[in-house]
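Working through the structure, step by step
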Amino acid sequence: MPVIQRKICLLGEFAVGKTSLIRRFVHNRFEADYLATIGVHISRKEVVLPEHDTTVVLVLWDLSGGEMASSLEEAYYRGGAGALLVADVLRPDTVAVLNTYAMTYTRINPGAALVFACNKMDLVPDETPYRLKLAEIAQRWRAPFFLTSARDGRGVEDAFRALAYLVARR
Amino acid sequence: MYPSFPLSKENETGLARIDADLRLQDYSPFFAQVVGVTTPGLPLAEVLPVFAGVEDWLRQMRQRGPRIWELRFVHHIPPDGSEPRYLDLSIAVDETGEGWHLSARDVTAAAERLHQEVQRFNDIRIRGHQPPAAHHLMRRLGPGILVALWEHLGLMLAVVDANLIIEAVTPPTTMTLQRPLIGLPLTEVLPTLAGLEGELQRIVRGEAAPWRLPGLQLDPELPQHWDILFIPRTDAAGLLIIVQRTVNETLIEQELRQQRNELTLLHKELEAQAMALRTANERLVNLDRERRALMALIVGDIKSALSVIGGYSEWLTRPASTAIAFQQEAVVSIREAVAQIDRLLDRVMTIERLENKLVQLQRTPCDVHLLLEEAVVMRQEHARMQHLDLQIELPERLPPVSGDAQVLAEGFGRLLDYAIGRAIPSARIEVSSRVWKEWVLVEVTVGIPGRPEQAAVKALPSSSQHVFELTQVRLVVESHDGHLALEETKNGLQLVVWLPLAGEAKDRSNVTVDRGKDDAMGLGQYEPLVVAGGTLRLDRTRRQAWLYERPLLLTPLEYRLLVYLAQHRDRVIGHKELLAVLGHEEGEMSLNHLRVLIARLRNKLGDSEEASGILRTVRGVGYTLAS
Ligand SMILES: Nc1nc2c(ncn2[C@@H]2O[C@H](COP(=O)(O)OP(=O)(O)O)[C@@H](O)[C@H]2O)c(=O)[nH]1
Ligand SMILES: [Mg+2]
């Protein structure tokens, strides 16, 4: 089975749960304490795609969203095959800015695969209103979207697997 | 080794050469130290995973640029097992060879400084721009401030998480409630809030404004009232709850708020009814057209019956049509056509008779309740045979309307006949009636219980029958100064008759009507109702209630609520149902109003706590009167 490596960036405002999503996906753990991310942290995770007869190694770039100057950020985006754009369900402003992140990212990496995630869904009892909001942006980018919770794990595996499929085809 | 590279201790910059295969070709000693690498020839992506997956992009640098790529603060876990660190990396196209130059600088100290700064900044941003001064103040004054707030201002604070579980509460000694509260659901501690979880969570999510609930009694043992304020937390998802002793102004304010709420409710009701009247009027215009059309229809029906007769008679006179079978068929058809003409002429005469009768209408006070019951009972068997469920639900004793009992009875009969004629088998026809302002409303609803999506009525027949029946109803209703509204709902039908109350009922709302019927519901005029060990008496014609021989001053809404709860005291009444009884749709505001209304009613009943009181909250379901 051929093994390919793809760079994936996690984009989104600070404290939306980018680091937590990676931690959940890679180590299946969650920590409630908030620790700001500085620069970039790299993690890797293999995703086997039997349908494509491929194994994709996702090289996950955990970035400090909104924490640092944007010109610096753009350097991090280079060579990316895909991005997981993360918003915090309780902070509507973090949903709106995903559009900007997506624009910058695809300008630097034309044709990159995007997947949207609305995180911290464990904090809301009813997901319908957020589903709609995120769907709107995701639709604009013709990208799949997932309602996730790094805390209880819902949607996390699905979101990253979706990315793996999309980047494997490129 | 890469001896030609200068070693710069101050900058701690390590340099390496990367070959065309993206392997480490050679490197400076400092590179080995900074990156923690020991062997040349390793793939770059293994030494620095940040370069994994971007090999294609690196190769393209040579053609497409940029010539140099700088990455700041790359978190690095050295392959030699030494401490993780942050590196500034820069990789540049080797202009003389086929590979790249790579430089790495340890910036751990700077990253840590930056991290502290960012962390502090973000923490503050997460806490919602809370001024650091507040932290200092709290730290300086310590938890004693909370006790002082309690002792001097009667102020308590509680914090709940997004699931409304209590996380913390002040003062730490739970002086008022005498039991540990942390970890309990909020609604368990304050059962009055049961059913409002949705609203509170909307506040958590910022979809609803902070909410102030004045004048609640928290502890049944204590006469003290409390104002509760729900504010979204700024540190995490959840609510900050501020509980303060109610001062007298608050009670006055609460009274005012209550009145304002009721006014708002009435106003809304008024608007809704005005709207209903407008639509009813529109329908009437259509009905008027229908009335004219009715005659045309009847004439048309008669003509077609006549043409049947004509056709057959012509055939019968022909010598060829002597076959016995044909003659028999002709005779039967002609007989049917004649009967049909008879019926149609009957209709014309009925209308005429009715119109004459209406002109010389004898007006006396009529008991709508009785007339409706009779009309329903007379049709129940017929409805059953058609697999229809005809039900009558008259929750309130109705004051009389002025009119001709016989004519009204006929009108109601036609109304039911129309509904029965249009309902499909297994449908349910509900007849109900209530007073609204100076009107008696009679509502006939056709639907299929439990299957709201299935159509409950047939398409209109082309015959004049349905127009005929409705025309009759309308004539009766209009001659009684009322209105008829026909509402085709999504899958059913609703007919509403508005009849004005008799003048005397309008003037004195304490007109006594047939008290016997009330007894049937266990609510005779003075019949006492034992609730929670006490005695509640409801005089439904005077709209007055007594508890323990003490009259209760109830607003009409409170009274209506109490009567309804009393009538159905054998079960728990849901919020939705109560809202419907009060004539309101379920919505955020209405739910709040219901809450306030219940609290007011409780207050007036001298009730305080649900578990032992008269008006009990059944958490998550609704309310019930304890018997
Ligand atoms: N309840 C809840 N908290 C989360 C979730 N994901 C992250 N968090 C918390 O949100 C804060 C910020 O998360 P982090 O992953 O550091 O966000 P980042 O800045 O986007 O990397 C931390 O306190 C996490 O514990 C989630 O799915 N549910
Ligand atoms: Mg992070």
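Note that this is a predicted model, so its numbers are computed, not measured. (Residues numbered from 1 in each chain as written. Chains lettered and ligands numbered in written order. Predicted model: local features only at pLDDT ≥ 70, side-chain atom pairs only at ≥ 80, totals over all residues. Heavy atoms only, no water.)

1. Some details on the overall build of chain A
When you go through chain A residue by residue, the secondary structure sums to six helices and six strands. Of the regular secondary structure in chain A, the N- to C-terminal order runs β-α-β-β-α-β-α-α-β-α-β-α. Taking all 170 residues of chain A together, 60% fall into the buried category. Pairs at least 24 residues apart make up 72% of the contacts formed inside chain A by residues separated by at least 6 positions. (Helix = DSSP H or I, 4+ residues; strand = E, 2+ residues; numbered from the N terminus. Buried < 20%, exposed > 50% of the residue type's maximum accessible area, 1.4 Å probe, protein only. Contact = heavy atoms within 4.5 Å.)

2. Structural notes on the coordination of the magnesium ion (ligand 2)
Residues and elements named next belong to chain A. For the magnesium ion (ligand 2), the full set of protein donor atoms is Thr19 (OG1) and Thr37 (OG1), and the range of their distances to it is 2.0 to 2.1 Å. Linking Thr19 in helix H1 (residues 18-27) with Thr37 in the loop between H1 and strand S2 (40-49), this pair joins segments that are 18 residues apart in sequence. Assessed through its relative accessible area of 22%, Thr19 is described here as partly exposed. (Donors = N, O, S within 2.8 Å, 3.2 Å for Na, K, Ca; no water.)

3. A word on the sheet that holds strand S23 (residues 615-618) of chain B
Backbone-to-backbone hydrogen bonds join strands into a sheet, with any given pair of strands oriented parallel or antiparallel. Residue and element names in this part refer to chain B. With antiparallel pairing, three strands are arranged side by side in an open sheet as S22-S24-S23. Both edges of this open sheet fall to strand S22 (573-574) and S23, since each of them pairs with a single strand only. Judged from the four bridges that link them, S23 and strand S24 (residues 622-625) form a sheet pairing that is antiparallel. Paired with Thr617 across the bridge in S24 is Tyr623. (Pairing = 2+ DSSP bridges.)

4. Observations concerning the sheet that holds strand S15 (residues 439-447) of chain B
Residues and elements named next belong to chain B. Strand order in the open sheet made by the five strands is S12-S14-S15-S17-S16, with mixed pairing throughout. Of all strands in the sheet, those bounded by a partner on one side alone are strand S12 (389-393) and strand S16 (483-487). Pairs of neighbouring strands in the sheet enclose a mean axial angle of 15°, with direction left out of account. Examined bridge by bridge, S12 and strand S14 (residues 428-436) share five bridges and lie parallel to one another. Bridge pairing in S14 places Glu393 opposite Ser432. (Axes fitted to C-alpha atoms, helices over the stretch in contact; angles between N-to-C directions.)

5. Some thoughts on the pattern of salt bridges
Pairing between side chains of opposite charge can happen when the charged atoms of each approach one another. All names here are of chain B. Taken as a whole and judged by the stated rule, the model has 25 salt bridges over all chains. The closest approach of N and O atoms between Glu430 and Arg428, which form a salt bridge, is 2.7 Å. Among the residues examined, Glu430 registers a relative accessible area of 35% and is labelled partly exposed. Under the relative-accessibility criterion, Arg428 is labelled partly exposed at 23%. (Salt bridge = Lys/Arg side-chain N within 4 Å of Asp/Glu carboxyl O.)

6. Observations concerning the interface of chain B and chain A
The interface is formed by 32 residues belonging to chain B together with 29 residues belonging to chain A. Across the chain B/chain A interface, buried area totals approximately 2,600 Å², and carbon plus sulfur atoms make up 65% of it. There are zero salt bridges connecting chain B and chain A. Here chain B and chain A share 10 residue pairs in polar contact (both at pLDDT 80 or more) between them. Those elements that provide at least two residues to the side of chain B that touches chain A are helix H3 (55-64), strand S3 (68-76) and helix H4 (108-126) of chain B. No other element matches the nine residues that H4 of chain B contributes to the side of chain B that touches chain A. A per-class count over the side of chain B that touches chain A returns 19 nonpolar, six polar and seven charged. (Buried area = accessible area lost by both parts, 1.4 Å probe. Polar contact = N/O pair within 3.5 Å; in protein donor to acceptor, adjacent residues only side chain to side chain. Nonpolar A, V, L, I, M, F, W, Y, C, P; charged D, E, K, R; others polar.)

7. Observations regarding the packing of helix H10 (residues 324-359) of chain B against helix H12 (residues 405-422) of chain B
Geometrically, a packed helix pair is captured by the angle between its two axes and the distance between the axes. Residues and elements named next belong to chain B. The N-to-C vectors of H10 and H12 enclose an angle of 140°; their axes lie 11 Å apart at closest approach. Note on packing geometry: the crossing formed by H10 with H12 is left-handed. From H10, Thr350, Leu354, Lys357 and Leu358 reach across to H12, where they touch Gln406, Val407 and Glu410. Tallied by class, the residues present in the contact of H10 with H12 amount to three nonpolar, two polar and two charged. (Left-handed = near helix turned anticlockwise from the far one by under 90°.)

8. Regarding the packing of H1 of chain A against helix H6 (residues 156-168) of chain A
Residue and element names in this part refer to chain A. Packing of H1 against H6 leaves a shortest axis separation of 10 Å and a crossing angle of 85°. The angle between H1 and H6 falls in the class roughly perpendicular. Every residue of H6 that contacts H1 at Leu21, Ile22, Arg24 and Phe25 is listed here: Val156, Glu157 and Phe160. Its residues placed into classes, the contact of H1 with H6 shows five nonpolar, no polar and two charged. (Parallel < 35°, antiparallel > 145°, perpendicular 65-115°, else oblique.)

9. Some remarks on the confidence of the model for chain B
All names here are of chain B. Of the residues in chain B, 77% have a pLDDT of 70 or more, and the chain-wide mean is 76. Between residues 129-135, whose pLDDT stays under 50, and residues either more than four places distant or in other chains, the model counts five contacts. Confidence drops under pLDDT 50 across residues 504-526; counting only partners more than four residues distant or on other chains, this segment forms 51 contacts. For this predicted complex, the interface confidence comes out at an ipTM of 0.88, alongside a pTM of 0.43. (pLDDT = per-residue confidence, 0-100.)

10. Points about the nonpolar core
Among the nonpolar cores identified, the biggest contains 69 residues, and Trp61 and Phe116 of chain A together with Leu48, Phe51, Leu58 and Trp69 of chain B are the most heavily contacted of them. Look past the residues within four positions of Phe116 of chain A in its chain and what remains in contact with it is Leu85, Leu98, Ala102, Leu134, Ile137, Ala138, Trp141, Ala143, Pro144, Phe145 and Phe146 of chain A. Counting 61 residues, the second-largest nonpolar core is a separate cluster that includes Leu361, Ala456, Val457 and Leu484 of chain B. (Core = buried A, V, L, I, M, F, W, Y, C linked by side-chain atoms within 4.5 Å.)

11. With respect to the site of ligand 1
All names here are of chain A. If you check the shell around ligand 1, you find 22 residues, and the closest are Ala15, Thr19, Ser20, Ala32 and Asp122. One nitrogen or oxygen atom from the side chain of Thr19 is found 2.7 Å from an oxygen atom belonging to ligand 1. In this structure, Asn119 approaches ligand 1 through a side-chain N or O atom, which is 3.1 Å from a nitrogen atom. For the shell around ligand 1, the leading source of residues is H1, giving three residues. Of the residues belonging to the shell around ligand 1, the class tally is nine nonpolar, five polar and eight charged. (Near = heavy atom within 4 Å.)

12. Some words on the packing of aromatic side chains
The full count for this structure, using the stated rule, is eight aromatic pairs over all chains. Each ring, one from Tyr77 of chain A and one from Tyr105 of chain A, has its centre 5.3 Å from the other, and the planes form 65°; the classification is edge-to-face. Here Tyr105 of chain A lies in helix H4 (residues 98-108) and Tyr77 of chain A lies in helix H2 (residues 70-77), a separation of 28 residues in the sequence. Here Tyr77 of chain A falls in the buried class, since its relative accessible area comes to 2%. Of the residues examined, Tyr105 of chain A reaches a relative accessible area of 0% and is grouped as buried. On the basis of an interplanar angle of 35° and a centroid distance of 6.0 Å, the ring pair of Trp211 of chain B and Phe230 of chain B is categorised as tilted. Here Phe230 of chain B lies in strand S9 (residues 225-232) and Trp211 of chain B lies in strand S8 (residues 211-217), a separation of 19 residues in the sequence. Each of the two residues, Trp211 of chain B as well as Phe230 of chain B, counts as buried. A network of ring pairs unites the aromatic residues Trp61 of chain A together with Phe51, Trp57 and Trp69 of chain B as a single cluster. Between the NZ or CZ atom of Lys7 of chain A and the centre of the ring of Trp61 of chain A, over which it lies, the distance is 3.3 Å. Positioned above the aromatic ring of Phe14 of chain A is the side chain of Arg91 of chain A, whose terminal nitrogen or guanidinium carbon lies 4.9 Å from the ring centre. (Phe/Tyr/Trp six-rings, centres within 6.5 Å; stacked < 30°, edge-to-face > 60°. Lys NZ or Arg CZ within 6 Å of the ring centre and 35° of its normal.)

13. Some words on the pairing of strand S17 (residues 493-500) of chain B
Residue and element names in this part refer to chain B. In terms of burial, S17 is a largely internal element, seven of the eight residues being buried. As paired strands, S15 and S17 are joined by eight bridges and run antiparallel to one another. Counterpart to Val444 in the pairing with S17 is Leu495. Direction of pairing for S16 relative to S17: antiparallel, over a ladder of five bridges. Bridging across to S17, Leu486 finds its partner in Leu495. Connecting the antiparallel pair S16 and S17 is a turn made up of five residues.

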